[in-house]
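Chain by chain, the residues:
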Amino acid sequence: MTTTTTELAGDAAGVDGSPAPTGRRRGGGGGLGSYLVIRFLLIIPTIFILVTTVFVLMRSTGDPITAALGGRLPAAQLAERVHEAGYDRPILVQYFEYLGNLLTGDFGTTISDNRPVTQVLTTYGTATLELAVYSLLVAFVIGIPFGRLAAYLRDKWPDAVLRVFAILCYATPVFFLGMLLKLVFSIWLGWLPVAGRASTGAEIQLQTMAHPTGFYTLDALRLGNPEVLSDVLQHAILPAIALGLLTAGVFLRLVRTNVIGTLGMGYVEAARSRGVPERRLLRKHAYRPALIPIVTVIGLQIALLLGGAVLTETTFEWKGLGFQLVQYLQARDFVAVQGIVVMLAVIVAITNFIVDVIAALIDPRVRY
Amino acid sequence: MARHVEERPVEERPVEERSVEEVVETPETAPAPPRRLNGWRRLPVVRQLGQSVGLQRGMLVAGLVLSAGFLLTAIFAPLLAPYEYNQLRDPSGPFGAQQPPSSQHWLGTTVGGFDVLSRVIWGSRTALFVIVVAVLMSIVVGVLLGLVSGYFGGWLDRVLVVVADAIYAFPSLLLAIVVAIVISGGQSSLVGGVMAAAISITVIYVPQYFRVVRAETVRIKSEAFVESAKVIGAGHWRIMTRHVLRNATRTLPLILTLNASEAILTLAGLGFLGFGIEPTAAAEWGFDLNKALSDVTSGIWWTSVFPGVAIVLVVLGLTLVGESLNDLADPRLRTRRRAVDPRGDVADVAVVPGGALEGGPGGLAGIEDPAGGRWAEQ
């Protein structure tokens, strides 16, 4: 029973298949501390495996300098640069050096524009974070109320429409949705800007202000300039919708299924037999518990969201990590690619941990 | 997991897995044994089609029609497409770039001067190749690893589970990009491109098959019939293939359909980022969308809308089939023939106390209880 709970929740950590579900049903709050510790420790192998996988894969194509500059430099010069960077040493030595550097927060230096990867990450990371926050907002605002509605009107026509809508959200590639939105709202109707995070004037103001966070909405608020703020928000609408709808479809389906499930539970029946009105039943009794699985699914959604962000950012020229990743890919700058991918892996692992902790705090059955 | 439990006869299950009604039920209240279907009606999808009603049947049929349309288009692409996917001119001269739809080119031409309709049709062929190769490879690898890992356990199992979880939690597109860099390494031929895309997708989906098959194997391994086989003296290999594998792969058709649709999206995503197949080697929808990105800004819609709609329709079709199969396998979500308004009859619930027993606030216990939810009883 709990086995599937975990699996439904898309829980990370290698526990989903363990055959004895009984042990997990400990009474009270016992085991939370040890659960948190074990769950935290599991981040380490996860990140380690991903770092190793990415390193091995990327390095199996050859060293990054040859990949980036091969054919453009004479062979002797190339060999010299490879030697300088230490890429001609045994791969194991390089691997351990790479791991050591990662531990000290050194992700290497990009080859194409010679910047520390950490600087790239901090500069563009906030843009991706901003996009992700807006998208999650769109997903919640659309997914949860409509999911509830679909469950309430189960098998009636609004349910059918909403379910098809949810599948369409999933079936439409984010970049195609982005292009359609652009075509309709920016080109044909002319309501919203085509691409970018802000218009040139606003962007200059935002970048020259004291201590910018890189989170444009926050910065615009701090500037206190309503024009800049509205400009920034206008630029964010279409990318947020394009990326948010993907997750909204997932939320809609999940809320629908779970509300249908809780509506059939004994305690809802009990409340109904006590004369609790249908609306209240739905709002209080069936709806709230159905939201718990959403928390656990957000962990997986973050991974999906980051993947989608790469595509969305490319579509809208939103200068975040994903956009930058594609630029570096085209320049065959694999040090930068590796750095960004590893960084995203760390983010995903940490969010999954946080989500699992929240899930464990909310629902004692999740612990093991 | 609940689904497979439900499908097995009660007697096969350990007592603690049975729900209350099943344990205490008297012959009179026992549900009639499922009718034995014969011939073609027992085929997977056909059977579910017979099971479905109303809206659910509509969704399944729509999905099947779309998927069949996709298959036929892919198979008969050479007959359907007016031009070759890499044809730039016909006897009357070059097509010209970005021509709006006309009687010559029903869907216009791309920025590279290709016929959009032809590329959309040929693209279905590429997509089909990639799905078939990717899904087959991930099934073979995932099922094999899951079976061995679940059956033998031990340190290998632990390592594989941690690795699979690590990969599973990672943004799949990024992983596909990394793998595509490694494999393609500048390859742009049809076979090279298709294999690069397919292997990238395989790497992503192996963990999914692995997880499902492993979990099932662990469960089945402890069943009485496996022990009996051991007592008789059957070898590991025989038990794994004869007894465990057949029972562990029940849900695969469902995952397969859903993965096929995800594979299309991943392929399109890769293509959109420039890891697709060169336009001269084959037609690929994602790649065409990438090329159409700048067209959108100048209001040229036909280069992006049609390949995009093709992706949406195919993914929609496959997803509808997968979703419907999923719902039909889950008694809680299955619409019954005599569907009565679920909010209404209290008496009907009182007769069936099963759902109430497991009810925790989490709402998940009810999901797991195959016969407990009231949906199953109606």
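None of these values were measured; they are calculated from a predicted model.

J.: I'd like to hear about the overall build of chain A, residue by residue, with values.
T.: Tallying secondary structure elements over chain A gives 16 helices and zero strands in all. Taking all contacts inside chain A whose residues are at least 6 apart in sequence as the whole, residues at least 24 apart take part in 72%.

J.: Now, about the confidence of the model for chain A: what can you tell me, with residues and values included?
T.: Residues and elements named next belong to chain A. Of all residues in chain A, 89% attain a pLDDT of 70 or more, and the chain-wide mean is 77. Taken element by element, the predicted model of chain A shows its lowest mean pLDDT in helix α1 (residues 2-8) (35) and its highest in helix α8 (residues 174-188) (87). In this model residues 1-29 is a low-confidence stretch, pLDDT under 50, and it forms 59 contacts with partners more than four residues away in sequence or in other chains.

J.: Describe the packing of helix α12 (residues 252-275) of chain B against helix α14 (residues 302-329) of chain B, listing the residues and the values that go with them.
T.: All names here are of chain B. Where α12 meets α14, the closest approach of the two axes is 8 Å, and the angle between their N-to-C directions is 160°. As the angle between them shows, α12 and α14 are arranged roughly antiparallel. The interaxial crossing formed by α12 with α14 has left-handed handedness. Facing Pro253, Leu254, Thr257, Leu258, Ala260, Ser261, Ile264, Leu265 and Ala268 of α12, the residues of α14 in contact are Ile311, Val314, Val315, Leu318, Thr319, Val321, Gly322, Leu325, Asn326 and Ala329.

J.: Kindly report on helix α11 (residues 236-248) of chain B, identifying the contributing residues and their values.
T.: Since the α-helix advances by 3.6 residues per turn, residues separated by three or four positions end up pointing in the same direction. Taking 1.5 Å of rise per residue, 13 residues should cover 18 Å, yet α11(B) covers just 16 Å from first to last C-alpha, more than 12% shy of that figure. Within α11(B), the full set of buried residues consists of Ile239(B), Met240(B), Val244(B) and Ala248(B).

J.: With reference to specific residues and values, describe α8(A).
T.: An ideal rise of 1.5 Å per residue puts 21 Å on 15 residues; α8(A) measures up with 20 Å between its terminal C-alpha atoms. At Lys182(A), α8(A) shows its maximal bend, which comes to roughly 30°. Of all the residues in α8(A), the buried ones are Val174(A), Phe175(A), Phe176(A), Leu177(A), Gly178(A), Met179(A), Leu180(A), Leu181(A), Lys182(A) and Leu183(A). Structurally, α8(A) contributes buried residues whose contacts are with α11 (226-263) and α14 (292-316) of chain A together with α12, α13 (285-297) and α14 of chain B. Gly190(A) sits one or two residues past α8(A) and shows a positive phi near 70°.

J.: Describe in detail the packing of helix α12 (residues 266-273) of chain A against helix α13 (residues 278-290) of chain A, supporting the description with residues and values.
T.: Residues and elements named next belong to chain A. Between α12 and α13, the shortest axis-to-axis distance is 10 Å and the interhelical angle comes to 150°. If you check the angle between α12 and α13, you find them roughly antiparallel. Along this stretch, α12 crosses α13, giving a crossing that reads as right-handed. Of the residues in α13, those in contact with Tyr267, Val268, Ala271 and Arg272 of α12 are Leu281, His285 and Ala286. Grouping the amino acids of the contact of α12 with α13 by side-chain chemistry returns five nonpolar, one polar and one charged.

J.: How would you sum up the environment of Arg219(B)? Please name residues and give values.
T.: Residue and element names in this part refer to chain B. Tracing the sequence through the fold places Arg219 in helix α9 (residues 190-221). A tally of 20 C-beta atoms within 10 Å means that Arg219 is categorised as buried. For the pair Arg219 and Tyr151, spaced 68 residues apart in sequence, the C-alpha to C-alpha distance is 9.5 Å.

J.: Account for the confidence of the model for chain B, naming residues and giving values.
T.: The predicted coordinates of low-pLDDT regions are not to be read in fine detail. All names here are of chain B. For chain B, per-residue confidence averages 70 on the pLDDT scale, and 65% of positions sit at 70 or higher. Helix α18 (residues 374-377) is the least confidently modelled element of chain B, averaging 30 in pLDDT, while helix α6 (residues 116-152) averages 85, the highest of any element. Residue range residues 1-32 is modelled with pLDDT below 50. Its contacts to residues more than four positions away, or to other chains, number 33 contacts. Predicted confidence is poor over residues 338-378, with pLDDT under 50, and the contacts of this stretch with residues over four places away or in other chains come to 87 contacts. Confidence estimates for the predicted assembly give a pTM of 0.75 and an ipTM of 0.77.

J.: Could you give an account of the nonpolar core, naming the residues involved and the relevant values?
T.: As a rule of thumb, soluble globular proteins bury nonpolar side chains together. If you look at the biggest cluster of nonpolar residues, it comprises 203 residues, and the most contacted ones within it are Val348(A), Val130(B), Phe170(B), Ile177(B), Ala180(B), Ile201(B) and Ile264(B). Here this core gets 19 residues from one element, more than from any other, and that element is α11(A). Each residue touching Val348(A), except ones within four places of it in the same chain, is listed here: Ile302(A), Ala303(A), Leu306(A), Ala169(B), Phe170(B) and Pro171(B).

J.: Quick one: what's the story with the environment of Val250(A), residue by residue and with numbers?
T.: Residues and elements named next belong to chain A. Structurally, the position occupied by Val250 is in helix α11. Owing to 21 C-beta atoms within 10 Å, Val250 belongs among the buried residues under this scheme. Sequence separation between Val250 and Val164 is 86 residues, and the spatial gap between their C-alpha atoms is 12 Å. What Val250 contacts, discounting residues up to four positions off in sequence, is Val297 and Gln301.

J.: Hey, could you go over unusual backbone geometry for me, with residue numbers and the actual values?
T.: Negative phi is the rule for most residues except glycine; trans is the rule for most peptide bonds. If you check the backbone angles, Glu317(A) has positive phi at about 50° while not being a glycine. Here Glu317(A) shows up in the loop between α14 and α15 (321-330).

J.: So what about the environment of Thr315(A)? Which residues, and what values?
T.: Checked against the element boundaries, Thr315(A) lands in helix α14. The spacing of Thr315(A) and Met179(A) is 136 residues in sequence and 7.0 Å in space, taken between C-alpha atoms. Each residue touching Thr315(A), except ones within four places of it in the same chain, is listed here: Phe175(A), Gly178(A), Met179(A) and Leu293(B).

Cut-offs applied
Residues numbered from 1 in each chain as written. Chains lettered and ligands numbered in written order. Predicted model: local features only at pLDDT ≥ 70, side-chain atom pairs only at ≥ 80, totals over all residues. Helix = DSSP H or I, 4+ residues; strand = E, 2+ residues; numbered from the N terminus. Contact = placed C-beta atoms within 7 Å. pLDDT = per-residue confidence, 0-100. Axes fitted to C-alpha atoms, helices over the stretch in contact; angles between N-to-C directions. Parallel < 35°, antiparallel > 145°, perpendicular 65-115°, else oblique. Left-handed = near helix turned anticlockwise from the far one by under 90°. Expected span 1.5 Å × (residues − 1). Buried ≥ 20, exposed ≤ 12 C-beta atoms within 10 Å, placed from the backbone. Bend = angle between axes of the 7 residues up to and from the residue. Nonpolar A, V, L, I, M, F, W, Y, C, P; charged D, E, K, R; others polar. Core = buried A, V, L, I, M, F, W, Y, C linked by C-beta atoms within 7 Å.

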